[in-house]
Amino acid sequence: MNPGCIDCLLRLATIASRQKDPEKALAYLIKAKRRQPNNAEILFEFGKACLELDLPDDAMPALQRAARMQPNNDSYAYVLASAHVSKKEYEVAGKLFQALLTKHPEDSILNYAMGSLLFLEVKLDEARKYLRRSVELQPDQSAAYYYLGLVAEGKGEDDQAIATLREVLHRDPNYGPAYEALGRILVKERKYEEAQQALERAVVLNPDSVKAHYQLGILRGREGRQNDADKEFAIVRQLNAEEEKRLGMRLHLLTDH
């Protein structure tokens, strides 16, 4: 009845996102963006959708424009910083996160974001400080504890890393990334039986986990089960190929005018 209804397109995009159909959400947002290319909300939602689909090059211009149009919108600045992280532009992302932390120093999510960014920059002592602050502010979480485990591993404190990751899983038995990390460290420590349990649980929670299948392949090889190792590596190659295909479909969606 009204093909130019921007509110309708935005609502439909929200529904598609909640239904775990990010490609459909992006399609609605592309239509909205064509009709109102200078609408800050549309630019932000479009950029966020692109970021969720691992398309940071498409996300960045839209998010930058939205942030310039609404410079006091903290949500826009936060997602823009996340886009810079996706593009490995850590220095720019750090400045944005730091500006937000200056305004909201008691925000656990911002402390977590800064801590995880510093981990990626291999600034482990600084990362630990922000991550610990995040869990002080919000003890009932998993992500910051998970990164604290990775920080411990990065500092060569494998026993501490294992203990921290086990604590994460005690709190949240369905936190897949912790199983992946725990399994990897246990493989390195040659604790193969425990590693197998962790990695197999990671695959149950996320059958498309390339990291978990790869580590299972390493584990099978070390156990002398080369046929099983080859099967895991074949799954890794298949998952990588499927992801490339999905990326191609997303790029077609963006460029198919």
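Residues numbered from 1 in each chain as written. Predicted model: local features only at pLDDT ≥ 70, side-chain atom pairs only at ≥ 80, totals over all residues. Heavy atoms only, no water.

Colleague: Provide a residue-level description of the packing of aromatic side chains, including the pertinent values.
Modeller: One pass over the full model with this rule turns up seven aromatic pairs. Summarising the aromatic geometry, the rings of tyrosine 214 and phenylalanine 233 are spaced 5.7 Å apart at their centres and angled 55° between planes, so their arrangement reads as tilted. Here the residue tyrosine 214 occupies a position in helix α13 (residues 210-222), and phenylalanine 233 occupies one in helix α14 (residues 226-255), the gap between them amounting to 19 residues. Taking relative accessible area as the criterion, tyrosine 214 reaches 40% and is therefore assigned partly exposed. Sitting over the face of the ring of phenylalanine 46, lysine 33 holds its NZ or CZ atom 4.9 Å from the ring centroid. (Phe/Tyr/Trp six-rings, centres within 6.5 Å; stacked < 30°, edge-to-face > 60°. Helix = DSSP H or I, 4+ residues; strand = E, 2+ residues; numbered from the N terminus. Buried < 20%, exposed > 50% of the residue type's maximum accessible area, 1.4 Å probe, protein only. Lys NZ or Arg CZ within 6 Å of the ring centre and 35° of its normal.)

Colleague: Let's hear about the state of the cysteines: which residues, and what values?
Modeller: When the sulfur atoms of two cysteines share a covalent bond, that bond is a disulfide. Under the criterion given, the structure shown has one disulfide. Between cysteine 5 and cysteine 8 runs a disulfide, and the two sulfur atoms are separated by 2.3 Å. Every disulfide takes its handedness from the sign of the S-S torsion; for cysteine 5 and cysteine 8 that torsion is 70°, giving right-handed. Its relative accessible area of 17% is what places cysteine 5 among the buried residues. The exposure class of cysteine 8 is partly exposed, given its relative accessible area of 39%. (Disulfide = S-S within 2.5 Å.)

Colleague: Describe the pattern of salt bridges, and please don't skip the residues or the numbers.
Modeller: If you walk through the whole model with that rule in mind, you get 17 salt bridges. When the shortest N-O distance is used, the salt bridge between aspartate 125 and lysine 155 registers 2.8 Å. Here the residue aspartate 125 occupies a position in helix α8 (residues 124-137), and lysine 155 occupies one in the loop between α9 (143-154) and α10 (158-171), the gap between them amounting to 30 residues. (Salt bridge = Lys/Arg side-chain N within 4 Å of Asp/Glu carboxyl O.)

Colleague: Outline the environment of asparagine 111, supporting the account with residue identities and numerical values.
Modeller: Here asparagine 111 lies in helix α7 (residues 108-120). Classification of asparagine 111 as buried rests on a relative accessible area of 4%. Ignoring any residue separated from it by four or fewer positions in sequence, one finds asparagine 111 in contact with Leu101, Pro105, Tyr130, Leu131, Arg133, Ser134 and Leu137. Within the local environment of asparagine 111, its side chain forms a polar contact with the backbone oxygen of aspartate 107, the two atoms lying 2.9 Å apart. (Contact = heavy atoms within 4.5 Å. Polar contact = N/O pair within 3.5 Å; in protein donor to acceptor, adjacent residues only side chain to side chain.)

Colleague: Before we move on, could you go through the nonpolar core and cite the residues and values that matter?
Modeller: In this structure, Met114, Tyr146, Leu165, Tyr175, Ala178, Leu182 and Leu219 are the most contacted members of the largest nonpolar core, which totals 48 residues. Broken down by element, this core gets its largest block of residues, nine residues, from α9. If sequence neighbours within four positions are ignored, leucine 182 has contacts with Ile162, Leu165, Arg166, Leu169 and Ala198. Listed in part, the 30 residues of the second largest apolar core include Phe44, Ala49, Cys50 and Leu51. (Core = buried A, V, L, I, M, F, W, Y, C linked by side-chain atoms within 4.5 Å.)

Colleague: Tell me about unusual backbone geometry, and name the residues and values.
Modeller: A positive phi angle, near 60°, is found at valine 122, a position not held by glycine. By the element assignment, valine 122 lies in the loop between α7 and α8. With a phi close to 65°, arginine 190 is a non-glycine residue in the positive phi region. Inspection of the secondary structure assignment puts arginine 190 in the loop between α11 (176-188) and α12 (192-205).

Colleague: Outline α11, supporting the account with residue identities and numerical values.
Modeller: For α11, built from 13 residues, the straight-helix expectation of 18 Å at 1.5 Å per residue is met to within 8% by its first-to-last C-alpha distance of 19 Å. Where burial is concerned, most of α11 is hidden: ten out of the 13 residues are buried. Gly176, Ala178, Tyr179, Glu180, Ala181, Leu182, Gly183, Ile185, Leu186 and Val187 are the residues of α11 that are buried. If you follow the buried residues of α11, they end up packed against α9, α10, α12 and α13. (Expected span 1.5 Å × (residues − 1).)

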